[in-house]
Amino acid sequence: MSRKKLSKRLAALAVGLGLVSAGFSTAGPAVAQPGAPAAGTAPSYAQYAGSAEDAAGTRAFFEAVVKSVAEKRAENPSLKAVTVTYNASGAPTFRSQISSAVQIWNGSVSNVRLAAGGSGSDFSYREGNDPRGSYASTDGHGRGFIFIDYAQSQQYDQVRIVAHETGHVLGLPDHYEGPCSELMSGHGPGTSCTNRYPNAAERARVDQLWANGLAKALHKGNKVH
């Protein structure tokens, strides 16, 4: 199968999952970030506001990760586990929180693993100041990052922020109306909520997505040449 056809199939899969917005802050004016996609690449942002644009951003981010994983599987068909790599060098202030969030997810699900990588990772973590708060972003071409906002990290539990954003990379949508026990309820329960763990339904959903929702895409990815 050609890469073009695989890309179309993956795009259809990502849209079919019905993912929605991803982020941890109310929307604000867009500002350029260091290392962000260059002008003209039309990056998609997945943030906390829950707009239609954010929903499209989440689908694009997830599609980019899926595409990268499928291509890696195509290069090494013997891989049995679906591994998503990340680079935390761009967020040194939150290195400990990123490590904790990764451990939480790796201890919560079994069909996908997060592993530290270098410059060629599936996604990266970054830090700084942005009126949008924390969010995930992708240029739609297999490259993406999670941005952690300094100001917001002083209001909400930092590990919860990172774990929440990472949950979007794994395919989970926001559910602002949910209780604190739901990781993807994000800012909904307020700043007093410090739960850092996905609940049973969220864990099951991620395992389902990576075991079943991506099975055909990864199988096709093995045939890419």
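As a reminder, the structure under discussion sits directly above these lines.
Reading guide: rules and limits
- Residues numbered from 1 in each chain as written.
- Predicted model: local features only at pLDDT ≥ 70, side-chain atom pairs only at ≥ 80, totals over all residues.
- Heavy atoms only, no water.
- Phe/Tyr/Trp six-rings, centres within 6.5 Å; stacked < 30°, edge-to-face > 60°.
- Helix = DSSP H or I, 4+ residues; strand = E, 2+ residues; numbered from the N terminus.
- Buried < 20%, exposed > 50% of the residue type's maximum accessible area, 1.4 Å probe, protein only.
- Lys NZ or Arg CZ within 6 Å of the ring centre and 35° of its normal.
- Disulfide = S-S within 2.5 Å.

Tallied over the entire structure, the rule returns six aromatic pairs. Centre to centre, the rings of tyrosine 86 and phenylalanine 123 are 6.3 Å apart; their planes meet at 40°, and the pair counts as tilted. Linking tyrosine 86 in strand β2 (residues 82-90) with phenylalanine 123 in strand β4 (residues 123-128), this pair joins segments that are 37 residues apart in sequence. Taking relative accessible area as the criterion, phenylalanine 123 reaches 1% and is therefore assigned buried. Considering the side-chain rings of tyrosine 135 and phenylalanine 147, the 5.2 Å spacing of their centres and the 20° angle between planes classify their relative orientation as stacked. Remark: phenylalanine 147 occurs in strand β6 (residues 144-149) and tyrosine 135 occurs in strand β5 (residues 135-138); sequence separation between them is 12 residues. Looking at tyrosine 135, the relative accessible area reads 0%, which means it is buried. With a relative accessible area of 1%, phenylalanine 147 lands in the buried category. Grouped by ring-pair contacts, the aromatic residues Tyr86, Phe123 and Tyr125 constitute a single cluster. Of note, arginine 126 hangs over the ring of phenylalanine 145, and the distance from its end group to the ring centre comes to 4.0 Å.

Bringing the state of the cysteines into the picture now. Overall, the coordinates contain one disulfide when judged by the stated rule. Through a disulfide, cysteine 180 is tied to cysteine 193; the S-S separation comes to 2.0 Å. Negative torsions about the S-S bond denote left-handed disulfides, and the value of about 90° found for cysteine 180 with cysteine 193 makes this one right-handed. Note that cysteine 180 is positioned in the loop between α5 (158-169) and α6 (200-213) and cysteine 193 in the loop between α5 and α6, a separation of 13 residues in sequence.

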